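Tertiary structure, described
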Amino acid sequence: MAQIPNLDNAPINLTSLREQSQKELLSILKNIRGKKCMVVDQKLSGSLSLIIQTSLLKEHMVELRHLSAEPIETDSTKVVYLVRSQLSLMKFICSHIHNDISKGLQREYYVYFVPRRSVACEKIFEEEKVHQLMTIGEYSLYMIPLDEDVISFELDLAYKECQVDGDTSSLWYIAKAIHKLEFSFGLIPNVRAKGKASVRVADILNRMQAEEPVNSSDIVVPEINTLIILDREVDMVTPMCSQLTYEGLLDEFLRVNHGSMELDASIMGVQQEGKKMRVPLNSSDKLFKEIRDLNFEVVVQVLRQKATSMKQDYTEMTTTTQSVSELKDFVKKLNSLPEMTRHINLAQHLSTFTSKPSFLGRLDMEHTIVEAQSYDICFEYIEEMIHKQEPLVNILRLLILFSVTNSGLPKKHFDYLRRELLHSYGFEHMATLNNLEKAGLFKRQETKGNWLTIKRALQLVVEDTDTANPNDIAYVFSGYAPLSIRLVQSAIRSGWRPIEEILKLLPGPHSESKRSGFATSPSYDSLNGAPADKLSDGRRSLVLVVFIGGVTFAEISALRFLSAQEGMAYDLIVATTKIVSGHTLTETFVENMG
């Protein structure tokens, strides 16, 4: 299991949130006496690994299994299923129970839905006539802290469900999670939302507050001053660009999952054939905390400097007489050696990808598309990728970027590329292209695009970006400032009003509201960094930025950069349905009909 991150430095008490979730799970398990087998839905196991140690489960006489079609092999007479409300998973549970019955095994079955039960799932149990054999409950895990400033709602498919399937149930879960936060940290007085889904979440949140109010008088000053909610749909340009921060590139090439990566041991310098290693990546690793948000070019330099300084210290140690305190300092430095080795190995492995001409050529093309000045060059580049049979997701990712920045492609070009894709990759990808069209990501152009206006008004392209000493968030993409974070910048500085005209050019409505209980308090009238926005214990007030449909590591790095700026009166905390990259986000739309 992954290393559980240390949350002591979190701007709000995320440790208490984690402990609450842990306590709730243990109470479910304690109520089922004796030895039990807990069968966990594969997707949930990563979430659980950030909440509870395996050793703690063993103390409660729990053996762990992953849910699959295969029957459960265990000598426990009690089986506890922990699952999301997905119909396909119910089929597995039913087949397990039928299998046990056919073998004459007598077991007690418990099914706990995460975060809440669903009628459709229970209907399957009834149809399969296993309903009366099980005890059904809920484990209301609506969010998990991924790190000291990042919370995940663990809703992997929220973007596709909302955009393609017309299923907006995830929006209720998001509002519920935010409302749960309010019960711990106070009613959030300012809410700014942009995008169809975000405005709906803000509405649901108000409805929840009316039905189940957070009592504002209990908490004198709410810890979270402002909530900014953004739809991924509002900015699909950013995730389709290749991230250039250290953590962003690790996710692009090696896939970060729940704060860790599974890699071949050989990458980490361990020579064991075929062995896999889990590498934790969170702020408990001091060196990672220092370099995760830097542009990768700079990371290589930082690691080189640190290694050189260590080498000098070692030479001094062996050639001169050292005092006890100097020895102590040296030993302290040696303690960071495992982290140094880990990140030098990772950086070296990443360099094999980032130095490839194909990667550099792709970066150039992304910048050309974002600049939106050379339509024909971009079109020909994508056409050539199709003819070279490059991996489909790579092509779709660039195609989405091209289509979004042009508000779709002229009918002739749209039909041509669509036909070429189907000829080259097979007609089973018809469903994939239909999904992208439904979501408005690859479509026919109906009106002239307004990307150039948006790009200029929000200064999204920044020339001569200094990645080593950045003065703008554009360093995370080496010259492109993420549109989403420019919107957050504006929402924090002066609300939506000054950029009203630009917001109208972006997908979906926007809203801005003050919530009851604080309307008369002058310190909440604006977010202009007034000293009144300090909490009673002197900490900075908080802005919670919620992304519906996913956020990239590069965007999180840009927000951390903003938070660290001089004159910034707020700490920022990010909550998201899922951490995504252009790759993982595009993959959710891919369907194989073959």
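Keep in mind that this is a model prediction, so the values were computed, not measured. (Residues numbered from 1 in each chain as written. Predicted model: local features only at pLDDT ≥ 70, side-chain atom pairs only at ≥ 80, totals over all residues. Heavy atoms only, no water.)

Time to look at the pattern of salt bridges. One pass over the structure, following the stated rule, counts 33 salt bridges. As a salt-bridge pair, Arg342 and Asp285 come within 2.8 Å of each other at their nearest N and O atoms. With Arg342 in helix α14 (residues 337–354) and Asp285 in the loop between β11 (276–280) and α11 (286–291), this residue pair connects regions lying 57 residues apart in the sequence. Among the salt bridges present, the one from Glu384 reaches Lys388, with a minimum N-O distance of 3.3 Å. The exposure class assigned to Glu384 is partly exposed, which follows from its relative accessible area of 43%. Residue classification places Lys388 among the exposed positions, given a relative accessible area of 52%. Sharing partners across several salt bridges, the network here consists of Asp147, Asp149, Glu247, Arg292, Asp293 and Arg560. (Salt bridge = Lys/Arg side-chain N within 4 Å of Asp/Glu carboxyl O. Helix = DSSP H or I, 4+ residues; strand = E, 2+ residues; numbered from the N terminus. Buried < 20%, exposed > 50% of the residue type's maximum accessible area, 1.4 Å probe, protein only.)

Once that is clear, we can look at the domain arrangement of the protein. By a widely used convention, the size of an interface equals the accessible area lost when the partners come together. By domain assignment, the protein separates into domain 1 (14–141), domain 2 (146–236 + 481–521 + 530–585) and domain 3 (357–406 + 408–447). Taking the mean C-alpha position of each, domain 1 and domain 3 sit 43 Å from one another. (Domains from an automatic or database assignment.)

With parallel pairing, the five strands of this open sheet are ordered in space as β2-β1-β3-β4-β5. The strands lining the two open edges of the sheet, one partner per strand, are β2 (62–66) and β5 (134–138). Direction aside, the axes of adjacent strands within the sheet are offset by 20° on average. Across seven bridges, strand β3 (residues 78–84) lies against strand β4 (residues 108–114) in parallel orientation. Each residue of the ladder has a partner; that of Arg84, found in β4, is Val114. In the packing of helix α1 (residues 14–30) onto the sheet, contacts are made with β1 (36–40), β2, β3, β4 and β5, and the angle to β1 comes to roughly 135°. This element, helix α5 (residues 119–127), spans β4 and β5 of the sheet and lies at about 160° to β4. (Pairing = 2+ DSSP bridges. Axes fitted to C-alpha atoms, helices over the stretch in contact; angles between N-to-C directions. Contact = heavy atoms within 4.5 Å.)

Any aromatic ring pair is given by two values, namely how distant the centres are and how the planes are angled relative to each other. Applying the stated criterion to the full structure yields 14 aromatic pairs. Judged by centre distance (4.9 Å) and plane angle (35°), the ring pair of Tyr375 and Phe402 falls under tilted. Here Phe402 lies in helix α17 (residues 392–405) and Tyr375 lies in helix α16 (residues 375–387), a separation of 27 residues in the sequence. Overall, the relative accessible area of 1% leaves Phe402 in the buried class. Measuring from centroid to centroid gives 6.1 Å for Phe379 and Tyr416, while their planes differ by 40°, and the two rings are tilted. In this pair, Phe379 sits in helix α16 while Tyr416 sits in helix α18 (residues 411–425), placing the two residues 37 residues apart along the sequence. Clustering of aromatic rings is evident, with ring pairs tying together Tyr375, Phe379, Phe402 and Tyr416. The side chain of Arg116 reaches across the aromatic face of Trp172, ending 3.9 Å from its centre. (Phe/Tyr/Trp six-rings, centres within 6.5 Å; stacked < 30°, edge-to-face > 60°. Lys NZ or Arg CZ within 6 Å of the ring centre and 35° of its normal.)

Core analysis: the biggest nonpolar cluster contains 129 residues, and Leu250, Leu346 and Leu487 have the highest contact counts within it. Ranked by residues supplied to this core, first place goes to α17 with eight residues. In contact with Leu487, other than residues within four places in its own chain, are Leu230, Val234, Leu458, Trp496, Ile499, Leu503 and Leu506. (Core = buried A, V, L, I, M, F, W, Y, C linked by side-chain atoms within 4.5 Å.)

What follows deals with the packing of helix α15 (residues 357–371) against α16. As a packed pair, α15 and α16 sit with axes 10 Å apart at the nearest point and diverge in direction by 140°. By the angle between their directions, the pair α15 and α16 is classed as oblique. Relative to α16, α15 is oriented so that their crossing is left-handed. Residue-level inspection shows Gly361, Arg362, Met365, Thr368 and Ile369 of α15 in contact with α16, the latter providing Ile377, Cys378, Tyr381 and Met385. Looking at the contact of α15 with α16 residue by residue, the class counts come to six nonpolar, two polar and one charged. (Parallel < 35°, antiparallel > 145°, perpendicular 65-115°, else oblique. Left-handed = near helix turned anticlockwise from the far one by under 90°. Nonpolar A, V, L, I, M, F, W, Y, C, P; charged D, E, K, R; others polar.)

Another aspect to go through is the packing of α17 against α18. Relative orientation of the contacting elements α17 and α18 amounts to 170°, with a least axis distance of 12 Å. On the basis of their axis angle, the class for α17 and α18 is roughly antiparallel. Two secondary-structure elements touch here, α17 through Leu392, Ile395, Leu396 and Leu399 and α18 through Leu417, Leu421 and Tyr425.

With that settled, the discussion passes to the environment of Thr135. One can find Thr135 in strand β5. Under the relative-accessibility criterion, Thr135 is labelled partly exposed at 40%. With 23 residues separating them along the chain, Thr135 and Tyr112 place their C-alpha atoms 8.4 Å apart. When sequence neighbours within four positions are dropped, the list of residues in contact with Thr135 reads Tyr109, Tyr110 and Val111.

Considering the arrangement of structural elements, one finds His258 in the loop between α10 (246–254) and β10 (260–264). A polar contact of 2.6 Å, which involves the side chain of His258, links it to the side chain of Glu154. (Polar contact = N/O pair within 3.5 Å; in protein donor to acceptor, adjacent residues only side chain to side chain.)

The amide bond that connects Val114 to the next residue, Pro115, takes the cis arrangement and shows omega of -5°. When you line up the elements, Pro115 lands in the loop between β4 and α5. Even without a glycine there, the phi angle at Arg255 is positive, about 65°. At Ser478, a position not held by glycine, the phi torsion is positive, near 50°. Relative to the elements of secondary structure, Ser478 occurs in the loop between α20 (451–457) and α21 (483–494). The class of Ser478 is partly exposed, set by a relative accessible area of 27%.

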